[in-house]
Amino acid sequence: MKNLSKYLFSITTLLLFSQNLIAQSATELEGEFKLGPAIILIILLCTFVMVGLFNRAKDTSDYWAAGRKISPVGAGMAIASNWMSAASFLGMAAIMYGAGYHGLSYVVGWTGGYVLLLILMAGQIRRYGKYTAADFIGDRFYSKGLRGLGAGLAIFISFSYCVGQFAGIGLMFKWILGIDYTWAVLIGASVVLTYTLISGMLGVTKNMQIQYVIIIISFMIPMFILCYKFGYFFWLPQVGYGAVVADIVNGIAPGAGITAMGHDFAILPSPEFAMPWDPATGQTAFQWLAICFSLMIGTAGLPHVIQRFYVVPRARDARWSVVWGLFFICILYWSAPVYSAFGKVLSSNPEIGKLAKDAIVVYTAQLGDIFPLIVGFLAAGAVSAAFSTVSGLLVAGASAFSHDLYYKVINPNANEQTQMLMARIGTILMAAAVAIVALLNLGLIAQLVAVAFSLAGCTIFPLFLLGIWWSGSNRAGAWAGLIAGSTVSIVALVYFVAGKFGAVLPGGEFVNYYMNAWYFAIWGAPLAIITNIVVSKLSKDSTPVEIKKFLAKQVHNYKVED
């Protein structure tokens, strides 16, 4: 960290020296190469690659679980960085900017998911002692088929989550470099793929710790400046922005002194911005609660989140890493609504034009006429957020491919060198496929990510919940529950994809409302859990005694007589 401080000081000196050359271009909203932000971005990218080089994975333990030697605080920073993806850094403010109070369902859902993990799973997952989510599923339910299907789900969920992150990377590269979105996605994907291939989970975790510092500093500084500049309570902007919301609700009269990019304007009252489910927003109470529920249980079922509990030495460390992670996450989550409120005010003048919601964080800083280099650093922070999550997702997907599919199912005799080769091949294939899908621009970043959460909530979460806490859940029940949850997921995703391509399916309006791609887990998860319990009770296939004893003694620390 001391070396990092010296490094950042040198960067700051260089950028201040070049200020006069870059100030004008950095305030362009679109289409221009921005020298200052580009310098910041390039230096950060080089830093990430260098950290990967210095922390190269030497074996499969390093590649999959960082050698199980990360401290609780370090793991907490990595959890926060891994979690605060483009969906958190850019997407939350975008949702609240567009939907007001309704967007808070994402904040509540994602944060609540980590509370579930802390209470129900973190310590137990670490004590079980496996490398990946599919590893747990295959061992706990004594089934190679379930292991293979679990690995496939882990890859698909990581893939879905990754698409939103690549979209965020492409958006910020496009803004900074002034290049076409396609090239922006491809360049960003190439950089993150490079250091992930080199380092695996070890270097990825070290990078996440650095990326957290970049993310939180870049996110907080403009927020303080905005509140100070426009006369709101700036000592604690997370509280002071309430007055901004009041101005949005009540309106701002002409001549009040609010300007953006030189424009002075008035704002009409928008009371729906602060209402949970006002008809004017097009959202309902059911949708708010459904999103909260789906995101909570989806968080507890994401493979790359679960895999973070394997990088610490002990179960106690796993629990504390979640506590630290929640603390670090809440700093940003408490702050994101500030950008949505200021974005609503500063972009309301018709002369500003329509802005991309997913870039509203950066646009808000620009419209507030903040020093260009700070805006550039904010954009680089968004790239860091996306990179930290993408690298974790690529490792999770590659681990499922190499460890769970290839080594555990296809070729159990593979040596470590072959496993490492397959992990790197899986990483490359996944990154290439994600980049292709990201180019289709299927939706807002936070919404694309929500699909992955609902899928995880319908499939992986029920298996972990019952697998840890009920020894009576057996192989037959696991299969039945997984099929039930997957069926709901397939129906919802088919209707979602069909709608994106203009196809009209029977009952489309009903399905799109009650089984929307962002929250279909509200039906799929309970159905999967109930099906698992019923079939396990009716089935003659009993959980082996060895597994029951292992759960009682090793996972829950009960004294069990042999």
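Reading guide: rules and limits
Residues numbered from 1 in each chain as written. Predicted model: local features only at pLDDT ≥ 70, side-chain atom pairs only at ≥ 80, totals over all residues. Heavy atoms only, no water. Core = buried A, V, L, I, M, F, W, Y, C linked by side-chain atoms within 4.5 Å. Buried < 20%, exposed > 50% of the residue type's maximum accessible area, 1.4 Å probe, protein only. Contact = heavy atoms within 4.5 Å. Helix = DSSP H or I, 4+ residues; strand = E, 2+ residues; numbered from the N terminus. Expected span 1.5 Å × (residues − 1). Polar contact = N/O pair within 3.5 Å; in protein donor to acceptor, adjacent residues only side chain to side chain. Axes fitted to C-alpha atoms, helices over the stretch in contact; angles between N-to-C directions. Parallel < 35°, antiparallel > 145°, perpendicular 65-115°, else oblique. Left-handed = near helix turned anticlockwise from the far one by under 90°. Nonpolar A, V, L, I, M, F, W, Y, C, P; charged D, E, K, R; others polar. pLDDT = per-residue confidence, 0-100. Patch = residues over 30% accessible without salt bridge, like charges linked within 9 Å, V, L, I, M, F, W, Y side chains within 5 Å. Areas by Shrake-Rupley, 256 points an atom, 1.4 Å probe, with all protein chains shown as cover. Salt bridge = Lys/Arg side-chain N within 4 Å of Asp/Glu carboxyl O. Phe/Tyr/Trp six-rings, centres within 6.5 Å; stacked < 30°, edge-to-face > 60°. Lys NZ or Arg CZ within 6 Å of the ring centre and 35° of its normal.

Most often, soluble globular proteins have nonpolar side chains that are buried together. Among the nonpolar cores identified, the biggest contains 156 residues, and Trp83, Phe89, Phe166 and Phe464 are the most heavily contacted of them. Residues contacting Phe89, with those up to four places away along its chain left out, are Ile215, Ser218, Phe219, Leu332, Val361, Leu378, Gly381, Ala382 and Ala385.

Tracing the sequence through the fold places Ala154 in helix 9 (residues 144-177). Residue class for Ala154 comes out buried when judged on its relative accessible area of 3%. Taking the C-alpha atoms as reference points, Ala154 and Gly397, separated by 243 residues in sequence, lie 6.3 Å from one another. Beyond its immediate chain neighbours, meaning those up to four positions away, Ala154 contacts Pro303, Ala400 and Ile460.

Taking 1.5 Å of rise per residue, the 34 residues of helix 9 would be expected to cover 50 Å, and the 47 Å separating its terminal C-alpha atoms lies within 8% of that figure. The element helix 9 is extensively covered by neighbouring structure, given that 27 of its 34 residues are classed as buried. Residue Ser143 occupies the N-cap position of helix 9, its side-chain oxygen lying 3.3 Å from the main-chain nitrogen of Gly145. Two residues or fewer after helix 9 comes Gly178, characterised by a positive phi angle close to 65°.

Put simply, helix 20 (residues 475-500) and helix 22 (residues 521-538) touch, their axes get as near as 7 Å, and they point 155° apart. The angle between helix 20 and helix 22 falls in the class roughly antiparallel. Taken as a pair, helix 20 and helix 22 cross one another with a handedness that is right-handed. Taken together, the residues of helix 22 that come into contact with helix 20 (itself represented by Ala476, Gly477, Ala478, Ala480, Gly481, Ala484, Gly485 and Val488) are Gly524, Leu527, Ala528, Thr531, Asn532, Val535 and Ser536. Here the contact of helix 20 with helix 22 is built from residues that sort into eight nonpolar, seven polar and no charged.

Right, let's talk about the confidence of the model for the protein chain for a bit. In regions of low pLDDT, the predicted coordinates are not meant to be interpreted in detail. Counting all residues, the mean pLDDT for the protein chain is 77, and 80% of those residues have values of 70 or more. Low confidence marks residues 1-29, where pLDDT is under 50. Its contacts with residues over four positions away, or in another chain, come to 38 contacts.

Now for the environment of Val192. Position of Val192 relative to the elements: it lies in helix 10 (residues 181-229). On a C-alpha basis, the gap between Val192 and Phe166 in space is 10.0 Å, while along the polypeptide they are 26 residues apart. Beyond its immediate chain neighbours, meaning those up to four positions away, Val192 contacts Phe166, Phe387, Val390 and Ser391.

A cluster of nonpolar side chains, Val73, Trp320, Val323, Trp324 and Phe327, forms an exposed patch at the surface whose accessible area comes to about 440 Å². With respect to the element layout, Trp320 can be found in helix 14 (residues 315-333).

So, about the side chain of Ser143. Secondary-structure assignment places Ser143 in the loop between helix 8 (133-140) and helix 9. Residue Ser143 is classed as buried on the basis of its relative accessible area, which comes to 9%. When neighbours within four sequence positions are excluded, Ser143 is seen to be in contact with Gly138, Arg475 and Trp479.

Along the chain, Thr543 turns up in the loop between helix 22 and helix 23 (545-555). There is a polar contact of 2.9 Å between the side chain of Thr543 and the backbone oxygen of Ser471. At 3.0 Å, the side chain of Thr543 forms a polar contact with the backbone oxygen of Ser473. Not counting residues up to four positions away in its chain, the partners in contact with Thr543 are Arg140, Tyr142, Ser471, Gly472, Ser473, Asn474 and Lys548.

Okay, the packing of aromatic side chains next. Between two aromatic rings, the relevant description is the distance of the centres plus the angle of the planes. Applying the stated criterion across every chain, the model contains 20 aromatic pairs. Seen from their ring centres, Tyr128 and Phe136 are 4.8 Å apart, and the 70° between their planes marks the pair as edge-to-face. Using a relative accessible area of 1% as the deciding quantity, one classes Phe136 as buried. Within the aromatic cluster, the residues linked to one another by ring pairs are Phe286, Phe510, Tyr513, Tyr514, Tyr519 and Trp523. The aromatic ring of Phe141 is capped on one face by Arg140, whose charged end is 4.8 Å from the ring centroid. The cationic tip of Lys344 hangs over the ring face of Tyr97; the distance from NZ or CZ to the ring centre is 5.8 Å.

Attention shifts here to the pattern of salt bridges. Working definition: two side chains of opposite charge can pair if their charged atoms are close together. Summed over the entire model, instances satisfying the criterion amount to two salt bridges. Of the charged contacts in the structure, one is a salt bridge between Asp135 and Arg147, with a shortest N-O distance of 2.5 Å. Here Asp135 is found in helix 8, whereas its partner Arg147 is found in helix 9, with 12 residues between them in sequence. Grouping residues by exposure puts Asp135 and Arg147 together as buried. Note that Asp541 and Arg475 form a salt bridge whose closest N and O atoms lie 3.7 Å from each other. Of this pair, Asp541 sits in the loop between helix 22 and helix 23 while Arg475 sits in helix 20, and the two are 66 residues apart along the sequence. By relative accessible area, Arg475 is classed as partly exposed at 33%.

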